[in-house]
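# Summary of structural features
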Amino acid sequence: MENQEGGRQGSDIQGLSADLIEAARRRNLSANSLAAYERTWTRFLAWAAAESVDPRSLPFPTALEAYRFLGDGKNAASLKQIRAALSFAYKHWDLKNPFAKIEPPLHKEPQIRYLPLADIRRLLGYLKAEANGYGSALAFHLANALFQTACRFDELIQLTWGDCQRVGEDIVALRIKGKGSVFQDVPATDALNQALKEWQTIQEGFKGRRILRPGGIDFAGSQFVFAGYSGAPLSNRAFNLRLRAACRALGVAEVTAHGLRHSAATI
């Protein structure tokens, strides 16, 4: 009887998890948000199963225990994402969210670093001078585009050459897919237009070369403007590693892709 009961509960938990993931996919969440939400729901539902409680009817003290479990060792950004995932779940279930009145632990929010214009120019100049191969050239042109457009990394990295709107040979705007799958046209300055055309020429020149492995590189057939060697968009981590290395070499404050966006907004 106990095993049957455990089996039913496990099945229920799996069903709740699958239902939430499907609901999130219908909302067109970004891949990163979907993965983070799924991690939270998996841990939360596993905790509920272990405690033999129904996650859809948690009294406040039990919800507090669950929140302490989920938030243990997490920073402020992770806690915010956990709360967003829980809020999504209870809205989907059309139930009152027992976590809504739990105050998140206070953390000192880290300052998002940005660079003044002089340092941005030095950084971009350094990246351009170091652009001796495909990866380094990609890092420069992506950094330049992030600063020129002030777009988020996740927005710009999904850009395809088909999203580049042209008048004749010139790129005049970028069709960017933002949060909530809302599209907006970001004007391309003359400088960005020239840089993107230069990058496309460089990218075309690399196609078919034997790089890294005998089969060559896979981005030859990729639709993405800022494709990595695999043909998929370059990862945020790979880009930030190059960016931080350049900052260290120059002796300026280290920034990430998001720091370029803040630099553009601040300047």
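Structure first, text after, so check above.
Keep in mind that what you see is a predicted model, and the values were worked out from it rather than measured. (Residues numbered from 1 in each chain as written. Predicted model: local features only at pLDDT ≥ 70, side-chain atom pairs only at ≥ 80, totals over all residues. Heavy atoms only, no water.)

Here we come to the overall build of the chain. A count of helices and strands for the chain gives 10 helices and three strands. Mapped in sequence order, the helices and strands of the chain form the string α-α-α-α-α-α-α-β-β-β-α-α-α. Counting over 267 residues, the chain shows a buried share of 39%. When the accessible surface of the chain is summed, it comes to about 15200 Å², and 50% of that surface belongs to carbon and sulfur atoms. (Helix = DSSP H or I, 4+ residues; strand = E, 2+ residues; numbered from the N terminus. Buried < 20%, exposed > 50% of the residue type's maximum accessible area, 1.4 Å probe, protein only. Areas by Shrake-Rupley, 256 points an atom, 1.4 Å probe, with all protein chains shown as cover.)

Strand order in the open sheet formed by three strands is S1-S2-S3, with antiparallel pairing between adjacent strands. If you trace the sheet from one side to the other, it starts and ends with strand S1 (164–167) and strand S3 (183–187), each paired once. On average, each strand axis in the sheet is inclined to that of its neighbour by 30°, with strand direction left out of account. By the bridge criterion, four bridges tie S1 to strand S2 (residues 170–177) in an arrangement that is antiparallel. (Pairing = 2+ DSSP bridges. Axes fitted to C-alpha atoms, helices over the stretch in contact; angles between N-to-C directions.)

A positive phi is found at Ser52, a non-glycine position, where the angle reads about 55°. Here Ser52 is to be found in the loop between helix H2 (31–50) and helix H3 (60–71). Residues other than glycine seldom take positive phi values, yet Asp94 does so here, at roughly 60°. Its location among the elements puts Asp94 in the loop between helix H4 (76–92) and helix H5 (117–129).

Another point: the nonpolar core. Core analysis: the largest hydrophobic core is formed by 44 residues, its most contacted members being Leu123, Leu142, Leu156, Leu174, Phe226, Phe239 and Leu260. At the level of elements, H5, helix H6 (134–149), helix H7 (153–156), S2, helix H8 (190–206), helix H9 (236–250) and helix H10 (257–266) are the ones that each hand at least two residues to this core. The element best represented in this core is H6, accounting for nine residues. By size, the runner-up hydrophobic cluster in this structure holds 27 residues, among which are Leu20, Ala85, Ala89 and Phe99. (Core = buried A, V, L, I, M, F, W, Y, C linked by side-chain atoms within 4.5 Å.)

Contact pair H2 / H4: the axes reach a minimum separation of 9 Å and the direction vectors enclose 75°. Judged on the interaxial angle alone, H4 and H2 are roughly perpendicular. On the side of H2, the interface is formed by Ala36, Tyr37, Thr40, Trp41 and Phe44, while H4 contributes Gln81, Ile82, Ala84, Ala85, Leu86, Phe88, Ala89 and Tyr90. Of the residues in the contact of H2 with H4, the class split is 11 nonpolar, two polar and no charged. (Parallel < 35°, antiparallel > 145°, perpendicular 65-115°, else oblique. Contact = heavy atoms within 4.5 Å. Nonpolar A, V, L, I, M, F, W, Y, C, P; charged D, E, K, R; others polar.)

Here we take up the pairing of S2. The side chains of a regular strand alternate between the sheet's two faces. Linking two consecutive strands that pair antiparallel, namely S1 and S2, is a turn of two residues; a positive phi of about 70° is found at Gly168 within it. The turn joining S2 and S3, which pair antiparallel and follow one another in sequence, is formed by five residues; a positive phi near 70° is taken by Gly180.

Right, let's get into H4. The first and last C-alpha atoms of H4 sit 24 Å apart over 17 residues, in line with the 24 Å expected at 1.5 Å per residue. Burial in H4 covers these residues: Ala76, Leu79, Ile82, Ala85, Leu86, Phe88, Ala89 and Tyr90. Sitting at the amino-terminal end of H4 is Asn75, which places a side-chain oxygen 3.3 Å from the backbone nitrogen of Ala77. Taken from the residues just after H4, Asp94 is the one with a positive phi, measuring 60°. (Expected span 1.5 Å × (residues − 1). Polar contact = N/O pair within 3.5 Å; in protein donor to acceptor, adjacent residues only side chain to side chain.)

So, about the pattern of salt bridges. Tallied over the full model, the rule gives seven salt bridges. Where Glu22 meets Arg26, a salt bridge forms, and the shortest distance between an N and an O atom there is 3.9 Å. Here the residue Glu22 and the residue Arg26 both occupy positions in helix H1 (residues 2–26), the gap between them amounting to four residues, near one helical turn. A relative accessible area of 36% places Glu22 in the partly exposed class. On the basis of relative accessible area, Arg26 is assigned to the exposed category, the value being 53%. Residue Glu254 pairs with Arg248 through a salt bridge whose shortest N-O separation is 3.6 Å. (Salt bridge = Lys/Arg side-chain N within 4 Å of Asp/Glu carboxyl O.)

Distances and angles like these do not, on their own, reveal function.
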